[in-house]
Amino acid sequence: MNKLLALYNHWLFKYPMRSNMATACFVYFSGDLAAQYIEKRFRPKPTINDQQQDFDLKRAPEEESTSGAQTVHSGFVRWVDWGRTQDMLFYSVFVYTPYWVFAFKKFNDIWPKATAVQVAKKVLASTLVNIPSLSIFFLFGVVFPPVKKLMLEKTFSGSVGSDVPSVNDLWLKFKTKINSDLFSTMTAGMIFWWPINGLNFKFTPPHLRPVVTSLFSVSWGCYLSLVQYKSTTNPRD
């Protein structure tokens, strides 16, 4: 175990971005699966019609869609929306991780000491830069799934369906999401992250701070997944 930790620490020094991307991939994969389990576990019990639909679904032959999210299986794999998990992984690896690795590096350059005043400034700065981070997250959740669907349809079938959302529709959906969820998510983020970031900036070496953030991001990623997809219905149910 010590050798693995030493090797991981070496990778963080030599390849900080790639190492943190790999860490974020595992973190958000775990967080999204936890969110989907929570949704399934605490979702209201199905009605008779829902049970009949589920029975018919189980009898149906295995089907595959181009999104990769509609495959019918039994057990664990069956109720996981893999398309949703793919979207969360893409966001975490190519958006979330580069954003925060860059932010933490800038914070350390501007406030290199671990004094109480500088730690407080870093915590406040992380709260402020979280506003555009969450806005990008909600915009990503609105725009990326339909764009991915169109690209896959064009790639595999050579044509695009008729249900193409307009830019205005996507913008209105994004505004609605921001108005309904941004403030509450920001508040939850401050409650969750202020003590973690304070201790992180105070006691953790700079190159390990994104890793500590990623470890706590399992819970945060679970929460974000619940917020992002709270109005959607799992295709398995």
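On a predicted model such as this, the values are computed, not experimentally measured, just so you know. Numbers given to residues run from 1 along each chain, matching the order in which its sequence is written. Confidence filtering applies because this is a predicted model: local features only for residues at pLDDT of at least 70, side-chain atom pairs given and counted only at 80 or more, and all residues used for totals across whole chains, interfaces and linings. The side-chain numbers reported here are obtained from all heavy atoms of the structure, hydrogens and water having been left aside.

Engineer: What is the right way to read the packing of aromatic side chains from this model?
Structural biologist: Geometrically, a pair of aromatic rings is defined through the distance of the ring centres and the angle of the planes. To pair, rings of Phe, Tyr and Trp, with the six-membered ring standing in for Trp, must have centres within 6.5 Å; the planes then decide the type, stacked if under 30 degrees apart, edge-to-face if over 60, and tilted in the middle. Throughout the structure, instances matching the rule amount to 20 aromatic pairs. Centre to centre, the rings of Tyr 91 and Phe 140 are 5.5 Å apart; their planes meet at 50 degrees, and the pair counts as tilted. Of this pair, Tyr 91 sits in helix 5 (residues 82-110) while Phe 140 is found in helix 6 (residues 116-157), placing the two residues 49 residues apart along the sequence. Burial status follows relative accessibility: with a 1.4 Å probe on protein chains alone, a residue under 20% of its type maximum counts as buried, one over 50% as exposed, and anything between as partly exposed. Assessed through its relative accessible area of 13%, Phe 140 is described here as buried. With centroids separated by 6.3 Å and ring planes inclined at 75 degrees, the aromatic side chains of Trp 193 and Trp 220 adopt a geometry described as edge-to-face. Linking Trp 193 in helix 7 (residues 167-203) with Trp 220 in helix 8 (residues 209-228), this pair joins segments that are 27 residues apart in sequence. When sorted by exposure, Trp 193 lands in the same class as Trp 220, which is buried. In textbook terms, an aromatic cluster arises when at least three aromatic residues are bridged by ring pairs, as seen for Tyr 28, Phe 90, Tyr 91, Phe 94, Tyr 96, Phe 137, Phe 138 and Phe 140. A run of DSSP states H or I qualifies as a helix once it reaches four residues; a run of E qualifies as a strand once it reaches two. Both are numbered from the N-terminal end.

Engineer: So what exactly am I meant to see when it comes to the nonpolar core here?
Structural biologist: The nonpolar side chains of a soluble globular protein tend to be buried, and buried together. Among buried residues, the Ala, Val, Leu, Ile, Met, Phe, Trp, Tyr and Cys ones that are joined through side-chain atoms within 4.5 Å form a nonpolar core. Counting 32 residues, the largest nonpolar core has Tyr 28, Phe 107 and Phe 138 as the members making the most contacts within it. Listed by contribution, the elements that provide at least two residues to this core are helix 2 (16-42), helix 5, helix 6, helix 7 and helix 8. Top contributing element to this core by residue count: helix 6, with nine residues. When checking whether two residues touch, look at their non-hydrogen atoms; a contact exists if any pair is within 4.5 Å. Discounting chain neighbours no more than four positions away, the residues touching Tyr 28 are Met 88, Leu 89, Ser 92, Tyr 96, Ser 217, Trp 220, Gly 221 and Leu 224.

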